[in-house]
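Tertiary structure, described
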Amino acid sequence: MTVNAVEIAGLSKRYGRTLALDDINLTIGADETFALLGPNGAGKTTLIHILCTILRPDSGTAKISGHDVVRQSLRARKNLGVIFQEPSLDARLTVRENLEFHGMVYRVPRAVRRQRITELLELVDLSDWADKLVRTLSAGMKRRVELARALIHDAKVVILDEPTVGLDAQSRSNIWTYLRQLKAARGFTLIVTTHYIEEVDEADRVCIIDHGRILALDAPSTLRAEHGREIVRVVPRDAAATAAIRARFPTAEERDGDIAIIGADSTVTETLLRDFGPQIRNLSYDRPSLESVFLALTGREIRDQPATRGMRG
């Protein structure tokens, strides 16, 4: 009988008067790639911290591979690999020493530990860097070390909290390439939070959470079909053009000088070109995407602030 990777029932957590999680019910299957999306303050971090046995819920239960995160926290942790948003490697140690130490903490037998380190370093293309100090690595390479470390103890569930934050586009793409390779080679359930919605377009399921409640949960294609909306993006030539277009489309949203008309159709584009053509610097049309789903359900963009730019690796 296959045990679900995660089982959550009636989970709630409050900080004073703030209800961070409100009666969450959720099941994540074995070997599933599951994305958790939500704006800042939505409850994602609280949920992740409960699953990682860092926080205790006020009510309800959560299980990792069948083990209750409160009553059987040690067993739950043995099945869990975690990569937090903030780096947690020891920069004074080599790549190999970081992995060795992690394996020892989880009591992985020495022979098994050494074999896994060799295999994982090869999978993330760091074999040649095994004996280099972590502080000499780029940000992207450090993330790859953390990916390998999370799997030293044969974790059944891997949680990634903003795994690509601070990395440039190429490094983000590389990290997901390594993740796919690791998942294919080792087999595990992947739970990820991210502010880059395009990264989870190939996830098995996407869960959108806001104000501590699940707003939508389904495959990306289903979410796009049910909640996605077309968006016309306009770059006016000047402030006068911006004011005129906003007056014609009062529900449009202005973002960094651009105007986004959500729920647009072909007639909107025709109207813009006919009535404001010379006043428009650029016009683009976005088909239904996970970003438009997120906007439709939460009323805001997933990134309240631009992500920090980081090093390549």
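Residues numbered from 1 in each chain as written. Predicted model: local features only at pLDDT ≥ 70, side-chain atom pairs only at ≥ 80, totals over all residues. Heavy atoms only, no water.

What follows deals with the overall build of the protein. Along the protein, the regular secondary structure elements total ten helices and 14 strands. With respect to the three principal axes, the spread of C-alpha positions in the protein is 75 × 45 × 35 Å. Here the protein holds 313 residues, and 47% of them are scored as buried. When contacts within the protein are restricted to residue pairs at least 6 apart in sequence, those whose partners lie at least 24 apart make up 71%. When the 44 positive and 42 negative side-chain charges of the protein are each reduced to one mean point, those points stand 7 Å apart. (Helix = DSSP H or I, 4+ residues; strand = E, 2+ residues; numbered from the N terminus. Buried < 20%, exposed > 50% of the residue type's maximum accessible area, 1.4 Å probe, protein only. Contact = heavy atoms within 4.5 Å. Lys, Arg positive; Asp, Glu negative; His and termini not counted. Charge placed at Lys NZ, Arg CZ, Asp CG, Glu CD.)

This next bit is on the nonpolar core. Ranked by internal contacts, the top residues of the largest apolar core, which has 44 residues, are L147, L160, V200 and V206. Setting aside chain neighbours within four positions, we find V206 in contact with A35, L37, V200, A216, L217, D218, P220, L223 and L290. Core analysis: the next-biggest nonpolar cluster, separate from the first, contains 26 residues, L21, L26, L51 and C207 among them. (Core = buried A, V, L, I, M, F, W, Y, C linked by side-chain atoms within 4.5 Å.)

The strand order β2-β1-β4-β5 describes an open sheet built from four strands, whose pairing is antiparallel. Only two strands of the sheet have a single neighbouring strand rather than two, namely β2 (18–28) and β5 (67–68). Bridging between strand β1 (residues 6–15) and β2 involves seven bridges; their strand directions are antiparallel. Opposite K13, over in β2, you have L21 as the bridge partner. Of the strands in this sheet, β1, β2 and β4 (59–64) touch helix α1 (residues 44–51), which is tilted by about 120° from β1. (Pairing = 2+ DSSP bridges. Axes fitted to C-alpha atoms, helices over the stretch in contact; angles between N-to-C directions.)

Our next topic: the pattern of salt bridges. Tallied over the entire structure, the rule returns 18 salt bridges. For the salt bridge of E32 with R205, the shortest nitrogen-to-oxygen distance reads 2.5 Å. Placement of E32 in the loop between β2 and β3 (33–37) and of R205 in strand β9 (residues 205–210) is noted, with a sequence separation of 173 residues between them. Looking at E32, the relative accessible area reads 10%, which means it is buried. Here D68 and R71 are joined by a salt bridge, their closest N and O atoms 3.9 Å apart. Look at D68 and you get buried, because its relative accessible area is 4%. Judged by its relative accessible area of 64%, R71 is exposed. One connected set of salt bridges, linked through shared partners, spans E100, R113 and R114. (Salt bridge = Lys/Arg side-chain N within 4 Å of Asp/Glu carboxyl O.)

This paragraph deals with α1. The buried fraction of α1 is high, at six of eight residues. Among all positions in α1, only K44, T46, L47, I48, I50 and L51 are buried. Two residues or fewer past α1, T53 is found with a positive phi of approximately 65°.

Before going further, it helps to examine the packing of helix α4 (residues 110–123) against helix α6 (residues 169–186). Their axes nearest at 10 Å, the elements α4 and α6 cross at an angle of 140°. Judged by the angle between their axes, α4 and α6 are oblique. Touching R116, L120 and L123 of α4 are Y178, Q181, L182, A185 and R186, all from α6. (Parallel < 35°, antiparallel > 145°, perpendicular 65-115°, else oblique.)

A few words now on the confidence of the model for the protein. For the protein, the mean per-residue pLDDT works out to 90, and 95% of the residues sit at or above 70. Across the protein, the secondary-structure element scoring lowest on mean pLDDT is strand β12 (residues 253–255), at 81, and the one scoring highest is β4, at 98. (pLDDT = per-residue confidence, 0-100.)

Applying the stated criterion to the full structure yields zero aromatic pairs. Across the ring face of Y196, the terminal group of R172 is positioned such that the distance to the ring centre comes to 3.9 Å. (Phe/Tyr/Trp six-rings, centres within 6.5 Å; stacked < 30°, edge-to-face > 60°. Lys NZ or Arg CZ within 6 Å of the ring centre and 35° of its normal.)

So, on to the pairing of strand β7 (residues 157–161). Taken across its five residues, β7 has five buried, putting it largely inside the fold. Residues V157, I159 and D161 point to one face of β7 and V158 and L160 to the other, with burial holding for every one of them. The pairing of strand β6 (residues 80–83) with β7 spans four bridges and is parallel. Within β7, the position partnered with V82 by the bridge is I159. By the bridge criterion, five bridges tie β7 to strand β8 (residues 189–193) in an arrangement that is parallel. The residue of β8 that forms the bridge with V157 is T189.

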